[in-house]
Amino acid sequence: MTKTATIKKISIIDETLSKLPSGTLLKSFTKCYLSTYSERSLKSRVSAEHAEFIQDRYHFFIDAIKKGRQTRIFIPEKKNLRIHNKHVLEFVCPDARFLLATIEALFKEEDLSITRMLHPIMAVEKNSKGELTNISLPIEGANLVSVSYIEFEDNTKKVDIEDLKKKIDLHMTATLSANNAMPALLDKMTGIKSLISKQSFNLTEPKEEWMNLIDWLKTYNFTFLGYANYSISHKKNETTVSLDKKSGMGIMDPNVTTQYLKDLPECLTDHVKEMAGSPSPFVFDTIQFTSPTHRFENIMRLSFKIPDKNNKVTEHIFLGILKRSSLLAKNLETPLIHLKIKTIFKTKNMLPGSYNFNQIIRLFTTIPKFELFRTPTKELIHLAEDLLSITNPNDIYCFHRNITETHEFPIVIVVPPSIFTRKNKSKILNYIQSIVPHYSIETIEIPGEQFCRLHIYLKLKKDTELKFSYSEVETKLKELLKPWEERLKEVLAQKFSPGKGKALYTRYTQAFPEHYRLRRSPDENFNEDR
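As a starting point, this report considers the structure included with it.

### Regarding the pattern of salt bridges
Then step 1. Taken as a whole, this structure holds 21 salt bridges when the rule is applied.
Then step 2. The partner of Asp-163 in a salt bridge is Lys-167, and the shortest N-O contact between them spans 3.5 Å. Here the residue Asp-163 and the residue Lys-167 both occupy positions in helix 6 (residues 161-198), the gap between them amounting to 4 residues, near one helical turn.
Then step 3. What makes Asp-163 partly exposed here is its relative accessible area of 35%.
Then step 4. We classify Lys-167 as partly exposed; its relative accessible area is 28%.
Then step 5. For the salt bridge of Arg-301 with Glu-315, the shortest nitrogen-to-oxygen distance reads 2.5 Å. Remark: Glu-315 occurs in strand 11 (residues 313-322) and Arg-301 occurs in strand 10 (residues 298-307); sequence separation between them is 14 residues. The residues Arg-301 and Glu-315 share a single accessibility class, namely buried.
Then step 6. Among the ionic contacts, a cluster of salt bridges with common partners joins Asp-285, Glu-371, Arg-374 and Glu-442.

Right, here's the structure in full:
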C-alpha cells in the first residue's frame, strides 16, 4: 500500500471514530475492524454508515466475549437496501486454523452464495474477573478471536436456517477442538516416533521410511484432526479391539463425539476391525467418514500397532487430511511413495528417460497422494501395467482386481477427457452400482490430458458371488457415453480401409433415424445395413 493510500485510510477511520459514542473499547474495536478494510472498501460507504455498522458488530462482539462464543443468522431490516433479500451469518469465537475455510466449504455444499465476507482477527485481554479490558491487533501468542460477518444468498430457496445453524455449530466445534488439540497431537506423534525407533517391526518397507513419513506429515503436509488408541488382543481365531475413549483428542474427544460426531467412533472401530488381520503393523489409509473441518473429504487414518513389554498391543491412530501443499511435493521425493514408484521402474525394467518411465511419472502425478500411500506396491504395479496397455486414448477401458481381504472390489474406468463430464460420470457410477451388489462405494476422480480415470472401490458382503466381465462393461459404457455417430465411425474404421470407411461414414451418418439409433447399436446392425 502506498503512503498516500495509507493516509486516506487513516483519514476515513478517524472520521468514522468521530461519529461514534465515547468508549475506549469501542474505539479500539473500530480501529481493529476497519484496519482490515482496503481503501476501496472504506470509500464505498460514508463514515456514518461505517459507524452504524461497526456499533452493531461491537454489541454482538461484547455479548459473545461474555459467553465465550456466539453465532447468529438473521435477515437484515428491509431499510438496508444494500443487503436486500440476503441473510447474514455472524459469529465470534476463538480463532482457529481453517475455521473460515470450513464455513466456506459448508456454504458451497449447501449451495449458498457468499456476497460479502469480513473476518477480522483481534487480540483480547481480560482481567482476573473475566472482564474485557483491551482489544488490539493480532499478535502471535495473544488470545486471538475471530470476528466474522458473512452476507449470503440462498440459491435454492430451500435451506432450513435452523438446520444450517446446527451444521455450523457442528463444524465449528470440530474445527476448534482439532485446533486446540494440535500441540498435544504433535507431541503424541513425536512420542510414537520415539517408540518406533526403539523397536523392531515386520515391515515390507524400511522402518526409517515410516519415521521419515512422520516428519514429512508434520512439516506442513498434513492437518492433524484427532487421535485415539485401541487395545488389540488375539485369542485363538478371534481378534478383539477396544477403544480407549479417554485417549480421544481433537475430533475424537468424547465431548465432541458424544454430542456432534456420534458415528465417528463406530466408523473408526469398524475399520480397525477390518484391518486387524493386516500383516503390516503400520497403516496409512482412509475411512468412510467425511472430515467435519477444512475440506469435506474422507478422513485419513495413520495407525501404529506397538506392543509393550508384556506384549500387549496398542494401536495408536491419528486422524487427519493431507494439505493441498502436499500435492506440490514430487512423488519421487515423498516417503514411502518414492519406494513404490522405484519398485515399479525396477520390476518393469523402465530405464530413466524412456517413454514408459516418463509416462508413469506423469500418470502417477495426477493420482491423489492418499491413494498412492494406501495402495500396496503390488497393486500399483498392476495399475501401471493397465495404464501402459492403453493404445487408444480415445477409447473406453475397464480394469479390475480381485476382491481384497477386506471384501473390497477395486475397478478403474478410463475415458477420454472430452466425455469426462459430470453427467457421464454419474452414468458410469449408476451402471457399475447396478451390476455389482455392494453396501458402500468410494470414488476417486482423476482428470488428465491424455485420458481421465475413475477409481471405484465397492464394499461387498462376505459371501458375495461376483460375475464381472470387463469386456461387457466396456461395451455397455461405450453405448452409454459415446455418441451413436462416433461409434458408427469406429465400426466402419474396423471393417474397412480408412478411405472407404470415411466415405461410408460421410454417406450414411445421417441416414439412420433417431428411433432406429435408440433400438440398434452400430456394431450389432453393421452386417444388416452395410
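That covers the picture; the talk isn't over yet.
### Let's talk about the packing of aromatic side chains
Then step 1. A complete count under the given rule lists 20 aromatic pairs for this structure.
Then step 2. Taken together, the aromatic side chains of Phe-29, Tyr-33, Tyr-37, Phe-53, Tyr-58, Phe-61 and Tyr-149 make up a single cluster linked through ring pairs.
Then step 3. Stacked on the ring of Phe-53, the Lys or Arg Arg-57 has its end atom at 4.6 Å from the ring centre.
Then step 4. Positioned over the ring face of Tyr-457 is Arg-374, at 4.8 Å from the centre of the ring.

### Notes on unusual backbone geometry
Then step 1. Even without being a glycine, Phe-98 presents a positive backbone phi close to 70°.
Then step 2. As for its placement among the helices and strands, Phe-98 is situated in the loop between strand 2 (87-94) and helix 5 (99-109).
Then step 3. Within the chain, Tyr-220 stands out as a residue other than glycine whose phi angle is a positive 60°.
Then step 4. Its relative accessible area of 61% is what places Tyr-220 among the exposed residues.

### Quick look at the pairing of strand 13 (residues 408-415)
Then step 1. When you tally the buried positions in strand 13, you get 8 out of 8 residues, the bulk of the element.
Then step 2. The alternating pattern of strand 13 places Glu-408, Pro-410, Val-412 and Val-414 on one face and Phe-409, Ile-411, Ile-413 and Val-415 on the opposite face, and all of these are buried.
Then step 3. With 4 bridges joining them, strand 12 (residues 397-400) and strand 13 adopt antiparallel strand pairing. By the bridge assignment, Cys-398 is partnered in strand 13 with Ile-413.
Then step 4. In this structure, strand 13 lies alongside strand 15 (residues 452-459), joined through 8 bridges in antiparallel fashion. Paired with Glu-408 across the strands is Lys-459, a residue of strand 15.

Each value, and the rule that gives it
- Residues numbered from 1 in each chain as written.
- Predicted model: local features only at pLDDT ≥ 70, side-chain atom pairs only at ≥ 80, totals over all residues.
- Heavy atoms only, no water.
- Salt bridge = Lys/Arg side-chain N within 4 Å of Asp/Glu carboxyl O.
- Helix = DSSP H or I, 4+ residues; strand = E, 2+ residues; numbered from the N terminus.
- Buried < 20%, exposed > 50% of the residue type's maximum accessible area, 1.4 Å probe, protein only.
- Phe/Tyr/Trp six-rings, centres within 6.5 Å; stacked < 30°, edge-to-face > 60°.
- Lys NZ or Arg CZ within 6 Å of the ring centre and 35° of its normal.
- Pairing = 2+ DSSP bridges.

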